[in-house]
Amino acid sequence: MTVFLIIIVIALLGITLWQMSKILKLSKSHSSEDPSIATENDNKTQGYMMLGFLIVFNLFMLYNFWEYSRFYLPEAASAHGVQFDNLMFLSLGIIIFVQFITQFLLHYFTFIYRGQKGRRAYFYADNDKLEFVWTILPVLVLSGLIIYGLFTWSDIMNVEEDEDTIVIELYAYQFGWKARYAGEDNTLGKANVRFIKGINSVGVDESDTYAMDDKIVGSLHLPVNKKVLFKMRSQDVLHSAYFPFFRAQMNVVPGMITQFGFTPTITSEEMRNTDYMIDKVKTINEIRKENSEELVANGDMALDPYEFEYYLLCNKICGVSHYNMQMKIVVESEEDYKQWLAEQESFGETMAKQKDK
Ligand SMILES: [Cu+2]
């Protein structure tokens, strides 16, 4: 509230000063010159301001790249992620190149050809050759980008399901995720939110024979270098499955199944040992240590040291605990993955246990 009041006071002060300067200007204007026509001095000021803006704007841009490039994600941990990054960096490169040239021409020409006494504008009606060049060139570059983008898009989005593809259901609810593995038959049993009852928390159809060997788990394990296809369902509202390290995101919509697939290429352990991650974790732990000292001084518990894990996040603001809607992802060797999966209880076993009680 105080901040709001201060902002209002500053704004009112600004308006007052502006009005006063207007009155001062009006009181002076009975000189011979018409104030609505720019003078030699006005033109000079405007010209130099244009040049100044060009320099400051570009320096600011360079500073931002320099200062914030540490927030870039590391190399993509999925096969298609490399294509995704290439497309993004190519587009970004072209945008920066074109904006540098056009902004330079716009501001530098405004400066160099500012109004000067005795200088007259050169009358130049049109030039077919020039117009042809500046029409065709953007058309060619943009078509190239769009076609390249379309190929990348269809390459990434069309995940063909074959025998080797691991099919996993991602189930989103307020506020968490569940994963359902298809079991030995590699076929997910039918499911619908109407079947949710007691321990059957994701609504698997008990009468479907394919469903009995399905495995419902609270963390996602993926074997490295194997194609995985996610079929996504939502229990309640719109969620979004977001895997930043794998360059993937897909909306999870109530009442329908959306899907997306990728091949993880870097295990959790390998990612933990990259220079990027070692550095990042070190910085985070230094901050945690500092914060812990303050917490301990106040009689609270110290923070645990951070260790890197992949996470599946929700990227749609879906309610009050949206920020905490996440599921750990472990990318590991195929043996470790198979061992972990074998240890998980199947849906049939879970239901049988409940009936025994
Ligand atoms: Cu959500």
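About the criteria used
Numbers given to residues run from 1 along each chain, matching the order in which its sequence is written. Residues qualify for local features only when their pLDDT is at least 70, as the model is predicted, and side-chain atom pairs are given and counted only at 80 or more; totals for whole chains, interfaces and linings, by contrast, use all residues. Pairing between strands is defined by DSSP: at least two bridges between the two strands are required. We count a stretch as a helix when DSSP gives it H or I for four or more residues in a row; a strand needs E for two or more, and each element gets its number in order from the N terminus. Orientation is described by lines fitted to C-alpha atoms, with helices fitted over the stretch in contact, and by angles between N-to-C directions that extend from 0 to 180 degrees. Any residue pair is listed as a contact if its two C-beta atoms, each placed from the backbone, are within 7 Å.

1. Some points on the pairing of strand β2 (residues 176-181)
Along a regular strand, successive side chains alternate from one face of the sheet to the other.
Turning to step 1, where the next piece is worked out: Relative to β2, strand β1 (residues 166-173) runs antiparallel, the two sharing 6 bridges. Pairing of Glu169 across the sheet is with Arg180, part of β2.
Turning to step 2, where the next piece is worked out: The antiparallel hairpin formed by β1 and β2 contains 2 residues in its connecting segment.
Turning to step 3, where the next piece is worked out: Bridge count between β2 and strand β3 (residues 215-217): 3 bridges; the pairing is antiparallel. Residue Tyr181 lies in a different strand from β3, and its bridge partner there is Lys215.

2. Considering the sheet that holds strand β10 (residues 326-332)
Turning to step 1, where the next piece is worked out: In spatial order, the strands read β4-β10-β9-β6-β7; together these 5 strands make up an open sheet with mixed pairing. Taken across any chain shown, the strands that pair with only one partner, and hence form the sheet edges, are β4 (220-223) and β7 (248-252). For this sheet, the mean inter-axis angle between neighbouring strands, taken without regard to orientation, is 25°.
Turning to step 2, where the next piece is worked out: The strands that helix α7 (residues 334-343) touches are β4 and β10; relative to β4, the one it contacts most, it runs at about 140°.

3. Regarding unusual backbone geometry
Turning to step 1, where the next piece is worked out: Of note, the bond from Gln174 into Phe175 is cis; its omega dihedral lies within 30 degrees of zero at 0°.
Turning to step 2, where the next piece is worked out: Counting through the fold element by element, Phe175 comes out in the loop between β1 and β2.
Turning to step 3, where the next piece is worked out: One non-glycine residue with positive phi stands out, namely Asn225, at about 60°.
Turning to step 4, where the next piece is worked out: Structurally, the position occupied by Asn225 is in the loop between β4 and β5 (228-234).
Turning to step 5, where the next piece is worked out: With a phi angle near 55°, Arg247 is a residue other than glycine that sits in the positive phi range.

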